Amino acid sequence: MLYLVNLFKHNWIYYALSILISAIAAFESMRLLLLLFLLLLFCFYKRLLKVHLVLIFVVGITSYSFFSHEVDKLSIPVELPAILTWTDEYKINGVMLRGFMKDAAGEKLYVTYELKSEKEKQLLQAQQLAGTEFQVIGEQISPSIPAHRYGFSMARYLQSKNARGIVEISQLTYAGTKNSLLQPLYDQRFRLKLHIEETFPPSLIAEAQALLIGLQENVDDELNRAYQKLGITHLFAISGLHVALVSLLFFQLLLRIGVRREPATVFLLTLLPMYAVLAGGAPSIWRAVSVVEFIMLAQYLRWKIPMDDALSLSFIVFVLMEPGAIFQVGFQLSYLATYSLVYSSRILAKYSNFWVQSFFITFVCQLLVYPLLLFHFYEISLSSFIANIFFVPLFSFIILPINLLVLFLTFIPIPLDSIVFHFYEPARTLLTNFIFIIQQPIVQMWNPGKPSLLWLSILYGSVFAAFYLLDQQGKLKKVPALLLIPALLFHIQPLLHNDLKIAFVNVGQGDCIVIELPYRKSVIVIDAGGLLRFEQEKWKERQTPYEVGRQVVVPYLKGRGIQSVDTFILSHADADHVEGAEEVLREVIVEEVHVTPNSIAKPVMGDFMQELKKTNTKLIEKMAGNGWQVGAASFEYLWPMETHYEGNNDSLVLLVEQKQFQALFTGDLEKEGEQQLVRLYGDKLRNIDLLKVGHHGSKTSSIEEFVALAQPGFAVFMAGKNNRYMHPHIDVVNRFEARNIPYATTGVDGTVEVTVRQGEMYIEKSNSLFSK
């Protein structure tokens, strides 16, 4: 046995990579198994024994067969009605209960259920659902298609959770509780959740639940975004350092009360998996727990297992148990960051000063994960290199221990916890306010956009080359150039394209258009979508409201690498055009905003105007006759003609011309406005190339005379799928079809991206992209 341990020492990483390649190939394409041969060539170069080469190949092929079988099971239809059991991954938000359940075979399903009454909501909130069985009646539905190429993919999320599909529940009937080894842990976690809510001050509940039991559903969105901007979001999650500290404290406690080392080790080995479940079972928790388990087990058996082998074995077990985890961002970042620390230990060992070592630990982690962060989030925090040096020790050695201590004190009849809260709560409030202050500048975020797979490979190539030079103590002067030149080239590559790009972003029932001039000389955004919000009962309100600007528009801009907008046009004061605008102001630098005269007085503009006051953005009222020029592109407002604002017919109408190409954006202009355009601009609007159809294709717009005059080469209806207004109206659609005018509808076709190259239009629809 000792011979086998030594044979595989420092070689488990290659088996982990073999399994990773096989999992990706099973989910994506069998052709990716070619990467397995590249791995074997690298192993041959590293002079691994032939037995390893054979075993790595066998493990790769065998695991591919296993993963393919698991992937095939995900496409099996769900048989309903059925008895399903709740997992511990669920959330009640407003009138919706969403989460994961398992069928009789243990297969995971994502379910949604609309609560029927406030009483039913209170009943479900008051009980622990994990492990509870329900008779479920409903239907399986297809996952929604992302709004655009940078949007959230429900299909990928289901894959990452190894879930077979989505079940929309119409009837939910209690059927009992399923007895399992984990049920007491689920119950205890739920009791701890309620206990924290009952005993902690309201301002500290979310933090305590996140740090102590891994429950982050109550963390404030604005605070979470502030942590993201500083690059310290991981501090609100239970991390490897967190698990290590808890393990060390508990182990030392056992030794102090007289338990011998070996029984203490066995007890901790048993306790850690239970703690992982109690703490929410996130990838970072299981990674940390499994690594500690492997190391302690090896020590107990008198084996010496290196940290890299323990980490690789942890990776292998995790992926074999849940193959889709390779697509979870937390899983990817957790293992990558830990591998970076393990394999850079020789570099870190050169520095004994605490602050210098802290900086290099942060630097090494950030360096290895930054291309991946760009791939998932399109931006990284530049301040994280400094922020982590201070905040990691603060959270790990002060805030976490205080929360552990106070939780313990809340179970003691003597009100010692009140004394601690008396001092800790105001101090913690000051820290939160400080975080909000230092996170404000948008410029601390580097937002070059989402890298393609080619660019991801180039960026990682530069990172690995830099690590190699640092490890070999080579010419260190080359390291900055090796890292900065590829990053700089990636940053400027959008500025090298000589194309006019116009995107009609799918924001549901609303408008949002993004125009990028050649070489990105200017970026113009027209409207930012939004929802019409209606008064509803308190119990039906979502804890976190859906925001089109934050969840659709901003991700598109950031995915494109747009951190600065030259002109932000709000065509008119309707919620479905302007409600998302304040989110854009919070996340993107805007030079100036154009509005139609006197529209800012409307109540729907209130939130936007409040946000505008916090910026240096110019607000300018525009009307017919105003225009500007950028290079070969000209912009001219054709409407409105007067300053009295009445609604749709006072929408800003913009004509964009570049050489022979013309595009017209009409906001929500209706019949009367279109008649005036025909009368005033007959020749100018004849046979335009691209038309944003007015008022989402309403029957009150797109009159015969206007369509006949414009005769666009391509038209876009911006209307939500199955919207209540039945937009675009069938009569309007027939009007365009009768003239053989090609068109797209964002609710059906997704985001429509038009690229104008040498006068020719090239059109791409996101729904076609995701259905390939």
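You'll find the structure just up there.
The structure reproduced in this document is the subject of the present report. Predicted model only: the values in this text are computed from it and were never measured.

**Points about the pairing of strand 15 (residues 633–639)**
Next, step 1: By the criterion of burial, strand 15 is predominantly enclosed, with 6 of the 7 residues buried.
Next, step 2: Judged from the 4 bridges that link them, strand 14 (residues 627–630) and strand 15 form a sheet pairing that is antiparallel. Bridging from a neighbouring strand, Gly627 pairs with Glu636 of strand 15.
Next, step 3: Linking strand 14 to strand 15, which pair antiparallel, is a turn of 2 residues; within it Gly631 sits at a positive phi near 60 degrees.
Next, step 4: Bridging between strand 15 and strand 16 (residues 653–658) involves 6 bridges; their strand directions are antiparallel. Bridge pairing in strand 16 links Ser634 to Glu657.

**Description of the sheet that holds strand 18 (residues 690–692)**
Next, step 1: Here we have 7 strands laid out as an open sheet, ordered 14-15-16-17-18-19-20, and mixed in their pairing. Since the sheet does not close on itself, it has two edges, and those belong to strand 14 and strand 20 (743–745), each with one partner. Ignoring strand direction, the axes of neighbouring strands in this sheet form an average angle of 15 degrees.
Next, step 2: Bridge analysis of strand 16 against strand 17 (residues 661–665) gives 5 bridges, and the strand direction is antiparallel. Looking at strand 17, one finds that Glu657 is bridged to Gln662.

**Description of the pattern of salt bridges**
Next, step 1: In the structure shown here, the tally under the stated rule is 28 salt bridges.
Next, step 2: Residue Lys558 pairs with Glu587 through a salt bridge whose shortest N-O separation is 3.8 Å. Here Glu587 lies in helix 23 (residues 581–587) and Lys558 lies in helix 21 (residues 548–559), a separation of 29 residues in the sequence.
Next, step 3: A residue is classified by how much of its surface remains accessible, and Glu587, at 12% relative accessible area, is buried.
Next, step 4: The network of salt bridges with common partners includes Arg225, Glu379, Lys558 and Glu587.

**Let's talk about the layout of surface pockets**
Next, step 1: By volume, the second largest pocket is sized at about 730 Å³.
Next, step 2: Surrounding the second largest pocket, 22 residues form its lining, Val246, Phe250, Tyr275, Leu404 and Leu407 being those nearest its centre.
Next, step 3: Secondary structure elements with two or more residues in the lining of the second largest pocket: helix 7 (183–199), helix 8 (202–213), helix 10 (240–256), helix 11 (261–278) and helix 17 (384–409).
Next, step 4: Of the residues that constitute the lining of the second largest pocket, the class distribution is 20 nonpolar, 2 polar and no charged.

**As for empty space enclosed by the protein**
Next, step 1: Using the criterion set out here, one finds 1 cavity of 30 Å³ or more in the structure.
Next, step 2: There is about 60 Å³ of room inside the largest cavity.
Next, step 3: Along the walls of the largest cavity sit 13 residues, with Ile526, Ser571, Leu652, Phe665 and Gly667 positioned nearest its centre.
Next, step 4: Each residue belonging to the lining of the largest cavity can be placed in one class, and the counts come to 7 nonpolar, 3 polar and 3 charged.

**Here's the deal with helix 5 (residues 118–125)**
Next, step 1: Within the sequence span of helix 5, burial applies to Glu120, Lys121 and Leu124. When helix 5 is viewed along its axis, its buried side chains cluster within an angular range of 100 degrees and face the same direction. Exposed residues on helix 5 whose side chains face more than 90 degrees from its buried face are Lys119 and Leu123.
Next, step 2: Of the surrounding elements, those touching the buried residues of helix 5 are strand 1 (82–93), strand 2 (96–102), strand 3 (108–114) and strand 4 (132–141).

**Observations concerning the packing of aromatic side chains**
Next, step 1: Counted under the stated rule, the structure contains 30 aromatic pairs.
Next, step 2: Note on Phe100 and Tyr110: the rings are 5.3 Å apart at their centroids and 70 degrees apart in plane angle, and the pair reads as edge-to-face. In this pair, Phe100 is assigned in strand 2 and Tyr110 in strand 3, connecting sequence segments 10 residues apart. Each member of the pair, Phe100 as well as Tyr110, carries the same accessibility label: buried.
Next, step 3: On the basis of an interplanar angle of 80 degrees and a centroid distance of 6.4 Å, the ring pair of Phe568 and Phe608 is categorised as edge-to-face. Of this pair, Phe568 sits in strand 11 (residues 564–570) while Phe608 sits in helix 24 (residues 606–612); the two residues are 40 residues apart in sequence, bridging distant segments of the chain. Of the two residues, Phe568 and Phe608, both sit in the buried class.
Next, step 4: Of the aromatic side chains, those joined through ring pairs into one cluster are Phe100, Tyr110, Phe152 and Tyr157.
Next, step 5: Lys108 extends its terminal NZ or CZ atom over the ring of Phe100, reaching a point 5.5 Å from the ring centre.

**Examining the packing of helix 2 (residues 12–27) against helix 3 (residues 34–45)**
Next, step 1: Across the interface, helix 2 lies against helix 3 with an axial gap of 9 Å and an inter-helix angle of 165 degrees. By the angle between their directions, the pair helix 2 and helix 3 is classed as roughly antiparallel. The chirality of how helix 2 crosses helix 3 is right-handed. The segment helix 2 lies against helix 3, with Tyr14, Leu17, Ser18 and Ile21 engaging Leu35, Leu36, Leu39, Phe42 and Cys43.

Cut-offs used in this document
- The residue numbers shown here count from 1 along each chain, following its written sequence.
- Confidence filtering applies because this is a predicted model: local features only for residues at pLDDT of at least 70, side-chain atom pairs given and counted only at 80 or more, and all residues used for totals across whole chains, interfaces and linings.
- Side-chain calculation: all heavy atoms of the structure are included, whereas hydrogens and water are not.
- Classification of residues uses two cut-offs on accessible area relative to the type maximum, computed with a 1.4 Å probe and protein chains only: under 20% is buried, over 50% is exposed, and between them is partly exposed.
- Under the scheme used here, helices are H or I runs from DSSP no shorter than 4 residues and strands are E runs no shorter than 2 residues, and both carry numbers assigned from the N terminus.
- Following DSSP output, two strands are said to pair if at least two bridges run between them.
- Each axis is a line fitted through C-alpha atoms, taken for helices only over the stretch in contact, and angles between the N-to-C directions span 0 to 180 degrees.
- What counts as a salt bridge is simple: a side-chain nitrogen of Lys or Arg found within 4 Å of a carboxyl oxygen of Asp or Glu.
- Any residue with an atom within 4 Å of a point lines the site, the site being either a cavity, points on a 1 Å grid over the protein atoms alone where a 1.4 Å probe fits but cannot get out, or a pocket, an open set with protein on both sides within 12 Å along at least 5 of 7 lines.
- Grid points are joined across faces, edges and corners, and a volume is the space filled by probe spheres set on the points.
- Throughout this entry, Asp, Glu, Lys and Arg are counted as charged residues, while Ala, Val, Leu, Ile, Met, Phe, Trp, Tyr, Cys and Pro are counted as nonpolar. The remaining residues, Gly among them, count as polar.
- Each C-beta atom gives one direction from the helix axis, and the arc is the one those directions make.
- Note on contacts: a residue pair qualifies if any of its non-hydrogen atoms lie within 4.5 Å across the two residues.
- Pairing of aromatic rings covers Phe, Tyr and Trp, the last counted by its six-membered ring, and requires centre-to-centre distances within 6.5 Å; plane angles under 30 degrees mean stacked, over 60 mean edge-to-face, and any other angle means tilted.
- Only when the NZ atom of a Lys or the CZ atom of an Arg is both within 6 Å of the ring centre and within 35 degrees of the ring normal do we say a charge sits over the ring.
- Small angles under 35 degrees read as roughly parallel and large ones over 145 as roughly antiparallel, with 65 to 115 read as roughly perpendicular and the rest as oblique.
- Each crossing gets its hand from how the near helix is turned against the far one by less than a right angle, where anticlockwise is left-handed and clockwise is right-handed.

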